[in-house]
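Chain by chain, the residues run as shown.
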Amino acid sequence: MSEFTPNTSKTSRANIIGFLPAIAFVIVLVAGFGVTIASLRDVPETAWTGITEPQQLFGGESTRRFSAQLNEHFLLSKPFSQIERAVTWTIAGDTGTAVSTGCKDWFFLSDELETFPDPNNSAIARANIVKALAKNLAGRGIQLVIAVVPDKSRIEQAHLCGLHRPASFAGRIDNWVALLKQSKINTINLEPVLAATPGERYYRTDSHWNENGANAAAAAIASYLQAEKMQAMPTVAPDKAALHSTTIARDGDLLRVSNLQGLPAILRPKPEQTQLTTIVASAAPDSGASSNTSDDLFGDTGLPTVALIGTSFSRNANFVPFLGHYLGAPVASFAKEGGNFEGSALAYLGGKTFQQSPPKVVLWEVPERMLQKPLSAAETQWLNYQKQMK
């Protein structure tokens, strides 16, 4: 090739390189347009009503409504949010507003540490709901037992490492339990039991008790029910050999709440090593029960003795199987995840199961952190209904 002959291949490559920014811009533009269309695909038609009217277009309302819908339905919002959390966790140990960090590897639900307006009246109102329910159940020959679950930040306070727990919370359980006992409500305060239990009693990365705590609570509740003759003593003592434990890696609910779950291992806290127990069902000669799991609700043994209502504490860490193990009888669990104070109680007591097959004992598990919250609309309605029925 002569030095005067144009090098066409170099010229072509130079032209392509020159167009790369424009090509990249077009690709990003098309991709963004596609993601936007896909994100808005499921927005109901009614959400766009009037958005093309001139008054909304020129007044800026159309832009605001479009942006609101896009923010709400944006397909990539979760990945972007996780990337943001991975960066802030790696740099500053940030877990967001819903989760607070204590000592190394310890996480706490911020809700436990929040103060509320008019806390005492809220606690009194909930005590009044319990009192009215106990009276109503007693009229049907059913006994109500309340089991109060202390906060993780109360029992595991040695792992707060400077995380502030308001001093006003100190008497929160005792005061509420005293209100109930003044009205002779059967009440179990699980704080002394868990405080005296050796080892960690709550998961490090979860808001609930671990198996060590659930086991201790279940044993204490079973002892109370048997001592008060609400549940017969099993003819065969609970066999420790029926409990088979192993160690597993587990992500607690606080990693999900803080949006850290699912991130690459290098960008998130290490999984917690926890105990997982399998409880071998044993026959209970005195009751004829064939299982102590919550799945065997009323079985073929006739009416249940104990029906459990409550929250996610009852659905975590094998609490129900432990309770059945110590009672030597099945436990019918109607506890609900995210049920708050009143959720499972209203669902169970208003349902066909309760109406058609009432138990002898209703065991109501109540977390401490719910005692002073403002009443929900459902709780207010329930309280007003109870007042009208007096």
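This text follows the structure it describes.
Criteria and cut-off values
- Residues numbered from 1 in each chain as written.
- Predicted model: local features only at pLDDT ≥ 70, side-chain atom pairs only at ≥ 80, totals over all residues.
- Heavy atoms only, no water.
- Helix = DSSP H or I, 4+ residues; strand = E, 2+ residues; numbered from the N terminus.
- Rg over C-alpha atoms; globule rule 2.2 N^0.38 Å.
- Buried < 20%, exposed > 50% of the residue type's maximum accessible area, 1.4 Å probe, protein only.
- Axes fitted to C-alpha atoms, helices over the stretch in contact; angles between N-to-C directions.
- Parallel < 35°, antiparallel > 145°, perpendicular 65-115°, else oblique.
- Left-handed = near helix turned anticlockwise from the far one by under 90°.
- Contact = heavy atoms within 4.5 Å.
- Nonpolar A, V, L, I, M, F, W, Y, C, P; charged D, E, K, R; others polar.
- Core = buried A, V, L, I, M, F, W, Y, C linked by side-chain atoms within 4.5 Å.
- Salt bridge = Lys/Arg side-chain N within 4 Å of Asp/Glu carboxyl O.
- Phe/Tyr/Trp six-rings, centres within 6.5 Å; stacked < 30°, edge-to-face > 60°.
- Lys NZ or Arg CZ within 6 Å of the ring centre and 35° of its normal.
- Pairing = 2+ DSSP bridges.

To continue, consider the overall build of the chain. When its secondary structure is counted, the chain shows 14 helices and 9 strands. Here the C-alpha atoms of the chain give a radius of gyration of 29 Å, more than 25% beyond the 21 Å that 2.2 N^0.38 yields for 390 residues. The C-alpha extent of the chain, read off along each of the three principal axes, is 110 × 55 × 45 Å. Within the chain, the proportion of its 390 residues that are buried is 44%.

Take the packing of helix α5 (residues 119–138) against helix α14 (residues 377–388) next. Running from N to C, α5 and α14 point in directions that differ by 50 degrees, and their axes come no closer than 10 Å. Taken together, α5 and α14 sit at an angle that is classed as oblique. Crossing hand, α5 versus α14: left-handed. Residues A125, R126, N128, I129, A132 and L133 of α5 form the contact with α14, whose participating residues are E379, W382, L383 and Q386. Residues that form the contact of α5 with α14 fall into these classes: 6 nonpolar, 2 polar and 2 charged.

A few words now on the nonpolar core. The tendency in soluble globular proteins is for nonpolar side chains to be buried as a group. Core analysis: the largest hydrophobic core is formed by 34 residues, its most contacted members being L190, W209, I221, L225, F319 and L323. Looking at this core, the elements with two or more residues in it are β3 (143–149), α9 (211–227), β7 (306–309), α11 (319–327) and β9 (361–367). The dominant element in this core, judged by the number of residues it contributes, is α9, at 9 residues. Look past the residues within four positions of I221 in its chain and what remains in contact with it is A147, I188, L190, F319, L323 and L363.

Applying the stated criterion across every chain yields a total of 16 salt bridges. D105 is paired through a salt bridge with K104; the nearest N and O atoms lie 3.6 Å apart. Between R154 and E368 there is a salt bridge, and its shortest N-O distance comes to 2.7 Å. You can see R154 sitting in helix α6 (residues 152–155) and its partner E368 sitting in the loop between β9 and α14, a full 214 residues away along the chain. One exposure class covers both R154 and E368, and it is buried. Among the ionic contacts, a cluster of salt bridges with common partners joins D151, R154, R165, R172, E191 and E368.

Attention now moves to the packing of aromatic side chains. Throughout the structure, instances matching the rule amount to 10 aromatic pairs. A ring pair is formed by W209 and F313, whose centres lie 5.3 Å apart and whose planes are at 85 degrees; its orientation type is edge-to-face. Taken together, the residues span a long stretch of sequence, with W209 in the loop between α8 (191–195) and α9 and F313 in the loop between β7 and α11 at a distance of 104 residues. An identical accessibility class is assigned to W209 and F313; each is buried. The interplanar angle of 70 degrees and the centroid separation of 5.3 Å between the aromatic rings of Y348 and F354 together place this pair among those described as edge-to-face. Just as Y348 is buried, F354 falls in that class too. Grouped by ring-pair contacts, the aromatic residues W176, F341, W364 and W382 constitute a single cluster. A cation sits over an aromatic face here: R250 above Y203, 3.9 Å from the ring centre.

Below, the discussion takes up the sheet that holds strand β8 (residues 332–333). An order of β4-β3-β9-β7-β8 is seen for the 5 strands of this open sheet, with the pairing classed as parallel. For this open sheet the edge positions go to β4 (186–189) and β8, each flanked by a neighbour on one side alone. Across the sheet, helix α7 (residues 172–182) touches β3, β4 and β9, and the angle it forms with β4 is around 165 degrees. Lying over the sheet, α9 contacts β3, β4, β7 and β9, oriented at roughly 150 degrees with respect to β4.

The subject of this paragraph is α11. Along α11, 9 of the 9 residues are buried, which leaves the element largely enclosed by surrounding structure. For α11, the full list of buried residues reads F319, V320, P321, F322, L323, G324, H325, Y326 and L327. Taken together, the buried residues of α11 touch α9, β5 (243–250), β6 (272–279), β7, β8 and β9. Directly beyond the C-terminal end of α11, a positive phi value near 70 degrees is found at G328.

Before going further, it helps to spend a moment on the pairing of β9. Of all 7 residues in β9, 7 are buried; the element is thus mostly enclosed. Of the strand pairs in this sheet, β3 and β9 are connected by 7 bridges, and their pairing is parallel. Directly across from A147, in β9, lies its bridge partner E365. Pairing of β7 with β9 involves 4 bridges; the strand directions are parallel. In the sheet register, L308 faces β9, and the bridge partner there is L363.

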